[in-house]
Amino acid sequence: MKHGSDDRFIEALHPDWTGALPFTLLVNADGEVERTWTEEVDEELLAAAIEHTLAAGEGEE
Amino acid sequence: MSERKREKSLGVIVGGGLFVLAGLAAGVAGAQGRSGASAALSIGDRIPSREVRMLSVDGSHRTIGEMRGASGTLVVFTCNHCPWSQAWEARLTALGNEFRERGVGVIAINPNDPDAPASARATFDRMQRRFAGTSAAAGTRFSPDTYEEMQRRARDAGMRFPYVVDGTSDVARSFGATRTPEAYLFDHRDRLVYHGAIDDNPFEESAVEDRFLRDALLARVARRRPSRAESRSVGCSIELREASGAPE
């Protein structure tokens, strides 16, 4: 759960995020942000993005 | 790949604030791709949409231009339903009422489409559960973005400045505004000198450490630059109306 300053939290999470919710990040196993969404995310689109990231991770093993 | 291995392979951070997960993921709340927003204003930019007439809660029509004050102008995008707007409402009202008396013109603008999805109610309910017991959650209730509800909130809060409807959301677009609440303070020459949050803690006023907007307003009336020109805060995505291409 987040506590403390919004400003520092927003900056730490993603420098391009304005603070507007919803905000969704997809992070790969290396801790890199693959994609972000700043509005409502289609479930199928999100699922496809997750599968793509997982597949890319498998390919690197 | 096993499920356990998949769980280790990626993380999906949903909702941004990390304190409202999953429910703010696919299919819940947020703008519906009705952007058409301009780039965000930069410090030093002039007031956009100064002559757009907007319906105020007292039945009159107001423009930002006619609300300009001798010391500057404060424009705040806010709304009825957003838990963050509700949490900051008393503080925003107090600041607006105080500084209008000190030469700063003040106008609050609701840019939201009142017919936005009912998912806004789902978001509110989740926030109420999460922040149950805090000072800001107490007394908040689901408040649709209708004109009648704007009138009620303005009256109950004791606002002595206009709370107006951005009937096409085009004013919000011209500012590049993304969330509620979001504050823009302009100087006496209509140049942006502060943009961002009201303070650094919406839900626990007693824990506020940085009163960004108040400090900027004090600097403005003293004809000084704010020590902090920009800040960011969590808030609700603006529920834009379909882009019209024309002001109301």
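These numbers were taken from a predicted model, which means no experiment stands behind them. (Residues numbered from 1 in each chain as written. Chains lettered and ligands numbered in written order. Predicted model: local features only at pLDDT ≥ 70, side-chain atom pairs only at ≥ 80, totals over all residues. Heavy atoms only, no water.)

(A) Quick peek at the nonpolar core. Core analysis: the biggest nonpolar cluster contains 43 residues, and Trp 17 of chain A together with Leu 74, Trp 84, Leu 185, Leu 213 and Leu 217 of chain B have the highest contact counts within it. The element contributing the most residues to this core is helix H2 (residues 83–100) of chain B, with six residues. (Core = buried A, V, L, I, M, F, W, Y, C linked by side-chain atoms within 4.5 Å. Buried < 20%, exposed > 50% of the residue type's maximum accessible area, 1.4 Å probe, protein only. Helix = DSSP H or I, 4+ residues; strand = E, 2+ residues; numbered from the N terminus.)

(B) Molecular detail of the sheet that holds strand S10 (residues 235–237) of chain B. Ordered in space as S1(A)-S10(B)-S7(B), the three strands form an open sheet in which the pairing is mixed. In this open sheet, the two strands that pair with only one neighbour each are strand S1 (20–21) of chain A together with strand S7 (179–180) of chain B. With respect to the sheet, H2 of chain B is in contact with S1 of chain A together with S7 and S10 of chain B, its orientation differing from that of S10 of chain B by roughly 135°. (Pairing = 2+ DSSP bridges. Contact = heavy atoms within 4.5 Å. Axes fitted to C-alpha atoms, helices over the stretch in contact; angles between N-to-C directions.)

(C) Fine view of the packing of H2 of chain B against helix H6 (residues 212–221) of chain B. Residue and element names in this part refer to chain B. For the pair H2 and H6, the least separation of the axes is 11 Å and the interaxial angle reads 5°. Relative to H6, the element H2 lies roughly parallel. Of H6, the residues touching H2 (which contributes Leu 95, Glu 98 and Phe 99) are Leu 213, Arg 214, Leu 217, Leu 218 and Val 221. Each residue belonging to the contact of H2 with H6 can be placed in one class, and the counts come to six nonpolar, no polar and two charged. (Parallel < 35°, antiparallel > 145°, perpendicular 65-115°, else oblique. Nonpolar A, V, L, I, M, F, W, Y, C, P; charged D, E, K, R; others polar.)

(D) Molecular detail of the packing of aromatic side chains. Taken as a whole, this structure holds seven aromatic pairs over all chains when the rule is applied. Consider the rings of Phe 9 of chain A and Trp 17 of chain A, whose centres lie 6.0 Å apart with planes at 75°: the pair is edge-to-face. Exposure remark for Trp 17 of chain A: the relative accessible area of 1% places this residue in the buried category. Summarising the aromatic geometry, the rings of Trp 84 of chain B and Phe 203 of chain B are spaced 5.7 Å apart at their centres and angled 70° between planes, so their arrangement reads as edge-to-face. In this pair, Trp 84 of chain B is assigned in helix H2 and Phe 203 of chain B in the loop between strand S9 (192–196) and H6, connecting sequence segments 119 residues apart. (Phe/Tyr/Trp six-rings, centres within 6.5 Å; stacked < 30°, edge-to-face > 60°.)

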